[in-house]
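Descriptive analysis of the structure
So you can see what is in the structure, the chains are spelled out below.
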2 protein chains.
Amino acid sequence: MEQVNYHHGDLRNSLVSVGINMLNDRGVAGISLREIARNIGVGHNAPYRHFRNKQQLLEAIAEDGFRRLKARNMRLELEFSGDPEGQLFESTMHVVGMAAEQPNLFQLMFGGHIQLEERGAGLKLASDEAMQSLVSIICNGQQKKIFIQDDPLVLALSTMSMIQGIALMASSGKLKAQFQVHMTPSVEHQTLLRSMILQLFDVFLRGLKGQS
Amino acid sequence: MEQVNYHHGDLRNSLVSVGINMLNDRGVAGISLREIARNIGVGHNAPYRHFRNKQQLLEAIAEDGFRRLKARNMRLELEFSGDPEGQLFESTMHVVGMAAEQPNLFQLMFGGHIQLEERGAGLKLASDEAMQSLVSIICNGQQKKIFIQDDPLVLALSTMSMIQGIALMASSGKLKAQFQVHMTPSVEHQTLLRSMILQLFDVFLRGLKGQS
DNA sequence: AAACCATGTGGACACTGTCCACATGGTTCA
DNA sequence: TGAACCATGTGGACAGTGTCCACATGGTTT
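So, here is what we can say about the structure in this document. Owing to the predicted nature of the structure, the values given are computational and were not obtained by experimental measurement.

The number of helices and strands found in chain A is nine helices and zero strands. N-terminal to C-terminal, the α/β element order of chain A is α-α-α-α-α-α-α-α-α. Buried residues in chain A amount to 48% of all 212 residues. Taking the contacts inside chain A whose residues are at least 6 apart along the sequence as the reference set, 66% of them involve residues at least 24 apart. If you sum the accessible surface of chain A, you get close to 10,900 Å²; carbon and sulfur atoms cover 49% of it.

Following this line, the structure appears as structure tokens:
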């Protein structure tokens with residue numbers, strides 16, 4: 001039955017989903033509530049039954065991104081359990097990969113469009129949890145004598161800075177530009193990215209491990 | 001003479017200057033061409049004699065930021081001439097300070113709002129020069145046997161990643177939040193920031209110097 | 001069957017960026 | 001000197017936006 005009901009039934013999810021697509025190929029500034037509604041085939045006011053604001057839709061899209069990020073990170077932590085260095089590298093790899101493939105989403109999530117403080121439940125929590133998980137990875141590495149014995153919070157913060165820095169450069173295309181990589185579809189994208197990140201992250205890791 | 005001339009005389013600069021103020025206290029999304037014009041006391045179409053687009057005004061504002069950044073960096077390089085580690089740290093300190101004090105400007109400059117590739121002269125050049133200057137600092141440090149002997153371009157890229165990472169976290173307020181610093185005006189702001197960055201940057205620097 | 005209420009609708013408003021034709025007045029040339 | 005020129009200003013118009021309002025619809029609860 002192709003019949004369009006008066007009540008859509010799953011509008012909230014549709015709004016977020018169409019919003020993500022629009023974000024990906026037109027950037028955060030190119031998102032229009034009315035166009036999303038038009039795209040779904042619903043009145044220009046319907047979104048307001050599910051979000052108080054355009055801002056709230058953006059936050060929902062970002063929250064979706066944070067949720068996926070966190071889920072994947074938890075899987076990686078399990079997969080590389082007992083190998084803090086691997087956990088760190090794979091997490092970095094994943095964030096940077098996301099930043100490279102969905103730069104606009106990365107921009108929305110980490111570019112200051114979202115005010116973490118003023119959000120009730122989801123966002124601030126997700127952000128804090130990411131930090132907490134980094135701290136625990138690092139404490140683990142310290143117990144194993146793999147990492148230096150500085151304040152774990154400081155180490156976690158600088159690790160996160162390194163990750164975000166590489167991701168930021170990936171999202172703005174600077175990595176590709178500097179390495180002069182011609183990203184032909186035939187070349188294995190992921191492999192190239194991996195070796196680039198390996199090189200960049202290596203310097204930092206050397207310091208974190210306290211060895212030459 | 002308070003008389004308002006038909007021809008303003010210095011409109012282009014006024015537009016950029018008022019634009020910077022509006023950017024600083026309302027964010028990049030809060031900038032309105034018409035309001036800037038209204039603010040200056042000029043018709044809503046006058047800006048179009050100096051910029052083809054709103055986008056071009058934003059780029060001019062960003063370019064102004066890049067120019068100031070570069071000028072200050074050149075001064076720092078001279079001041080700490082012969083001390084690559086100092087050059088690196090002071091440059092970082094300056095970028096992060098800017099990101100902390102003018103987060104919206106940082107967001108405009110590095111947040112993907114500006115397409116470097118499609119700009120004729122100013123922007124891409126400024127960006128490349130910043131990279132080039134980093135490379136030369138690092139080569140200098142390598143000759144002095146202070147830094148490890150890896151590929152200078154890779155080292156420069158990862159250094160820039162570290163800098164941008166710390167700056168990104170500073171601009172989104174994460175540093176303040178994590179350190180739970182209550183930024184009372186009486187406390188010396190710059191000193192606190194300095195010690196935070198010192199701690200964060202230290203890990204990376206340890207790796208760059210290849211020593212525990 | 002009646003009342004309720006979450007979810008949909010269209011109309012209206014102020015605001016935006018951008019295009020158009022026209023006004024102004026300093027500069028340049030016959 | 002006077003006339004033509006042109007960079008720089010003006011207001012009007014248009015489509016598009018986010019958001020508020022009153023109203024419609026129809027499944028759920030009494």
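With that settled, consider the protein's contact with DNA strand D. Of all residues adjacent to DNA strand D, which total 26 residues, the nearest are Arg34 and Asn45 of chain A together with Gly43, Asn45 and His50 of chain B. Protein-adjacent atoms of DNA strand D, using a 4 Å cutoff, are sugar or phosphate at a proportion of 47%. One of the side-chain N or O atoms of Ser32 of chain A is found 3.1 Å from a phosphate oxygen in DNA strand D. Between DNA strand D and Leu33 of chain A there is a distance of 2.9 Å, counted from a phosphate oxygen to a backbone nitrogen or oxygen. No other element matches helix H2 (residues 33–40) of chain A, which puts three residues into the surface near DNA strand D. Here the residues of the surface near DNA strand D are counted per class, giving eight nonpolar, 12 polar and six charged.

Residue and element names in this part refer to chain A. Running from N to C, helix H4 (residues 84–101) and helix H7 (residues 152–171) cross one another at 30°; their axes reach a closest spacing of 8 Å. Here H4 lies roughly parallel to H7, going by the angle between them. The two elements H4 and H7 meet at a crossing, and its hand is right-handed. Mapping the contact onto sequence places Leu88, Thr92, Val95, Val96, Ala99 and Ala100 in H4 and Thr159, Ile163, Ile166, Ala167, Ala170 and Ser171 in H7. Across the contact of H4 with H7, the residue classes break down as nine nonpolar, three polar and no charged.

A few words now on the relation of the copies chain A and chain B. Here chain A sits on chain B after a turn of 180° about the axis and a move of 0.0 Å along it, with an RMSD of 0.0 Å. The superposition of one copy onto the other is thereby described by a two-fold rotation axis. Comparing interface residues between copies, 97% of those in chain A also sit at the interface in chain B, which points to an isologous, same-surface contact.

What follows concerns unusual backbone geometry. Residues and elements named next belong to chain A. Although it is not a glycine, Lys145 adopts a positive phi angle of roughly 65°. Position of Lys145 relative to the elements: it lies in the loop between helix H6 (122–143) and H7. Given a relative accessible area of 69%, Lys145 falls into the exposed group.

Right, let's get into the interface of chain A and chain B. Across the boundary between the two partners, chain A contributes 37 residues, which contact 36 residues of chain B. Linking chain A to chain B there are six residue pairs in polar contact (both at pLDDT 80 or more). Contributions of two or more residues to the side of chain A that touches chain B are made by helix H5 (103–110), H6, H7, helix H8 (174–179) and helix H9 (189–209) of chain A. Classifying every residue of the side of chain A that touches chain B by side-chain character gives 19 nonpolar, 15 polar and three charged.

All right, on to the nonpolar core then. If you look at the biggest cluster of nonpolar residues, it comprises 130 residues, and the most contacted ones within it are Ile61 and Phe201 of chain A together with Ile61 and Phe201 of chain B. Sequence-distant contacts of Ile61 of chain B, that is, excluding residues within four places in its chain, are made with Val16, Gly19, Ile20, Leu23, Ile31, Leu105 and Leu108 of chain B.

A separate point is the protein's contact with DNA strand C. In the vicinity of DNA strand C there are 26 residues, among which Gly43, Asn45 and His50 of chain A together with Arg34 and Asn45 of chain B approach most closely. The contact atoms of DNA strand C, taken as those within 4 Å of the protein, divide so that sugar and phosphate hold 48%. A distance of 2.7 Å separates a phosphate oxygen of DNA strand C from a polar atom in the side chain of Arg38 of chain B. Contact between DNA strand C and Lys54 of chain B: a phosphate oxygen at 3.0 Å from a main-chain N or O atom of the residue. A breakdown of the residues in the surface near DNA strand C according to their chemical character gives eight nonpolar, 12 polar and six charged.

Attention now moves to the environment of Ile31 of chain B. All names here are of chain B. Tracing the backbone through its elements, the reader meets Ile31 in the loop between helix H1 (11–26) and helix H2 (33–40). For the pair Ile31 and Asn21, spaced 10 residues apart in the sequence, the C-alpha separation amounts to 9.6 Å. Setting aside residues up to four positions removed in sequence, Ile31 forms contacts with Gly19, Met22, Leu23, Ile36, Lys54, Leu58 and Ile61.

Here we come to the pattern of salt bridges. On inspection of all chains with the given rule, the structure shows 16 salt bridges over all chains. A salt bridge links Asp150 of chain B to Arg206 of chain A, with the shortest nitrogen-to-oxygen separation between them at 3.1 Å. Of this pair, Asp150 of chain B sits in the loop between helix H6 (122–143) and helix H7 (152–171) while Arg206 of chain A sits in helix H9, which puts the two residues in different chains. When salt bridges that share partners are traced, they join Asp150 of chain A together with Asp202 and Arg206 of chain B into one network.

Criteria and thresholds
- Residues numbered from 1 in each chain as written.
- Chains lettered and ligands numbered in written order.
- Predicted model: local features only at pLDDT ≥ 70, side-chain atom pairs only at ≥ 80, totals over all residues.
- Heavy atoms only, no water.
- Helix = DSSP H or I, 4+ residues; strand = E, 2+ residues; numbered from the N terminus.
- Buried < 20%, exposed > 50% of the residue type's maximum accessible area, 1.4 Å probe, protein only.
- Contact = heavy atoms within 4.5 Å.
- Areas by Shrake-Rupley, 256 points an atom, 1.4 Å probe, with all protein chains shown as cover.
- Near = heavy atom within 4 Å.
- Polar contact = N/O pair within 3.5 Å; in protein donor to acceptor, adjacent residues only side chain to side chain.
- Nonpolar A, V, L, I, M, F, W, Y, C, P; charged D, E, K, R; others polar.
- Axes fitted to C-alpha atoms, helices over the stretch in contact; angles between N-to-C directions.
- Parallel < 35°, antiparallel > 145°, perpendicular 65-115°, else oblique.
- Left-handed = near helix turned anticlockwise from the far one by under 90°.
- Least-squares fit on C-alpha atoms with pLDDT ≥ 70 in both.
- Core = buried A, V, L, I, M, F, W, Y, C linked by side-chain atoms within 4.5 Å.
- Salt bridge = Lys/Arg side-chain N within 4 Å of Asp/Glu carboxyl O.

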